[in-house]
Amino acid sequence: MVQGHVNLNTEKTEQWIQEYVDGWVEFFKKQTDTGKVADYIPKLEEADPNSLGITIIGKKGTEIRSGDVEHEFSIQSISKVLSFITACMDRGIAYVLQRVDVEPTGEAFNSIMHLEVKGHQRPFNPLVNSGAITTSSLLSGNTSDEKLEPLFQLMEKIIGRRPEIDIDVYVSERDTSMRNRAIGYYLLEEGYLESDLGVTLETYFKQCSINVTTDDLARIGLVLSNDGIHPETEEIIIPRNIVRIAKSLMLTCGMYDASGKFASYVGIPAKSGVSGGILAVVPPRVRENELPFLSGCGIGVFGPALDKQGNSVAGIKLLRHIANSWDLSLF
Ligand SMILES: NC(=O)CC[C@H](N)C(=O)O
């Protein structure tokens, strides 16, 4: 397949990048058959498994969209990055990290076994369910809506509109998620939760049900790439030291028990969700050459057919191809 080398000195650069990305999306769309749409949250089963879309937004203003980018989908586990950031901004990094560690688990995202077997003093990291539920309990407020207000405000600053919760997805997960309830009860017994279990789970289910598009994910990725600064207004939206930890967590834990492979073969911080979204961050590179997006970009992907680990099967292949073609890996 073509490698996508472009001459950045011509006016046609953006058009060429667009043509390459269109070709790649078309190619990898045919590989969605190897995955399966999540069905343990009944509402997610309605997604079209053959969808694949990507938005890439560069620091210098280049915007590339290709494939099924018009869909709204629930953010699911990608919200864990935002709730971690919000909790750190609200309570301070030290406070949060005393209650949730920053170590990968090597287990499935909804594993409960490792908590007990490994005898850790706190959940392993905020990007697996146990750590994310604990993090939701750290958000200030007495109700789930109060707890999520700063997260909504953060998202609104980045994506330019107040996001909405998909009530059907929320109800669907709330009424079926026995596994997350089991994790919640375990966390409660161990004394990890700082708010009422019911409110904590409601907060977690609601944050997972926030609707986004690939554009929204790319904009979030771009702010993370830009160390927390909005690329247009230059406002500091997230303190840099919090962004740094969030990105390192994405790199080491963001793709669950496939994080090592993703770091090796793609090499950029990313976070997946079971609705098929991936938020990816390309930090700026200093090396000059004729490849696009070396000044950094955010990438949003949607491809609901998932692999065994719960990551978008075609989305990963597409990101791997783009990262290799444009030498975007950090390593
Ligand atoms: N990997 C995911 O996206 C999981 C999120 C989902 N809401 C759950 O807790 O099961």
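For the structure itself, look to the data block above.
Bear in mind the structure is a predicted one, so any value in this text is a computation, not a measurement.

**Q** Run through helix α5 (residues 129-138), naming residues and quoting values.
**A** Every α-helical turn comprises 3.6 residues, leaving residues that sit three or four positions apart pointing alike. With respect to burial, α5 is a largely interior element, ten of its ten residues being buried. Within α5 the residues assigned to the buried category are N129, S130, G131, A132, I133, T134, T135, S136, S137 and L138.

**Q** With reference to specific residues and values, describe empty space enclosed by the protein.
**A** Summed over the entire model, instances satisfying the criterion amount to two cavities of 30 Å³ or more. The space that makes up the largest cavity amounts to roughly 40 Å³. Lining the largest cavity we find Y40, Q76, S77, K80, F109, N129, E173, N180, Y204, C208 and V274. Here the residues of the lining of the largest cavity are counted per class, giving five nonpolar, four polar and two charged. Estimated volume of the second largest cavity: approximately 30 Å³. For the lining of the second largest cavity, the elements supplying multiple residues, two or more each, are α11 (240-253) and α12 (259-265). No other element matches the three residues that α12 contributes to the lining of the second largest cavity.

**Q** Describe the site of the ligand, with residues and values.
**A** Y40, Q76, S77, E173 and Y204 are the nearest of the 13 residues found near the ligand. A distance of 3.0 Å separates an oxygen atom of the ligand from a polar side-chain atom of N129. Protein coverage of the free-state accessible area of the ligand, which is 300 Å², stands at 100%. Structurally, the ligand is housed in the largest cavity. When the residues that make up the shell around the ligand are grouped by side-chain class, the tally is seven nonpolar, five polar and one charged. Counting only domains with at least three residues in the shell around the ligand, you end up with domain 1 (13-75 + 211-325) and domain 2 (79-208).

The rules we used
Positions within a chain are numbered from 1, following the residues in the order the chain's sequence is written. Given that this is a predicted model, residues contribute local features only at a pLDDT of at least 70 and side-chain atom pairs are listed and counted only at 80 or more, while totals for whole chains, interfaces and linings are drawn from all residues. Side-chain numbers come from the whole structure's heavy atoms, not from hydrogens or water. Burial classification: accessible surface area is computed with a 1.4 Å probe over protein chains only, and a residue below 20% of its type maximum counts as buried, one above 50% as exposed, and the rest as partly exposed. To qualify as a helix, a DSSP run of H or I must reach at least 4 residues; to qualify as a strand, a run of E must reach at least 2; elements of each kind are numbered from the N terminus. Cavities and pockets were defined on a 1 Å grid built over protein atoms only: a cavity is a set of grid points that admits a 1.4 Å probe from which the probe cannot escape, a pocket is an open set flanked by protein on both sides within 12 Å along at least five of seven lines, and lining residues are those with an atom within 4 Å of any such point. Grid points are joined across faces, edges and corners, and a volume is the space filled by probe spheres set on the points. Gly is placed with the polar residues, together with every amino acid not listed as nonpolar (Ala, Val, Leu, Ile, Met, Phe, Trp, Tyr, Cys and Pro) or charged (Asp, Glu, Lys and Arg). We call a residue near a molecule or strand as soon as one heavy atom of that residue lies within 4 Å of the molecule or strand. As used in this structure description, the phrase polar contact means that two N or O atoms lie within 3.5 Å; if the pair is within protein, one of them must be able to donate a hydrogen and the other to accept it, and residues adjacent in sequence are counted only when both atoms belong to side chains. Areas reported here follow the Shrake-Rupley algorithm with a probe of radius 1.4 Å; residue values treat only the protein chains shown as occluding. A molecule is said to be in a cavity or pocket once over half of its atoms fall within 2 Å of that pocket's grid points. All the domain ranges listed were derived from an automatic or database domain assignment.

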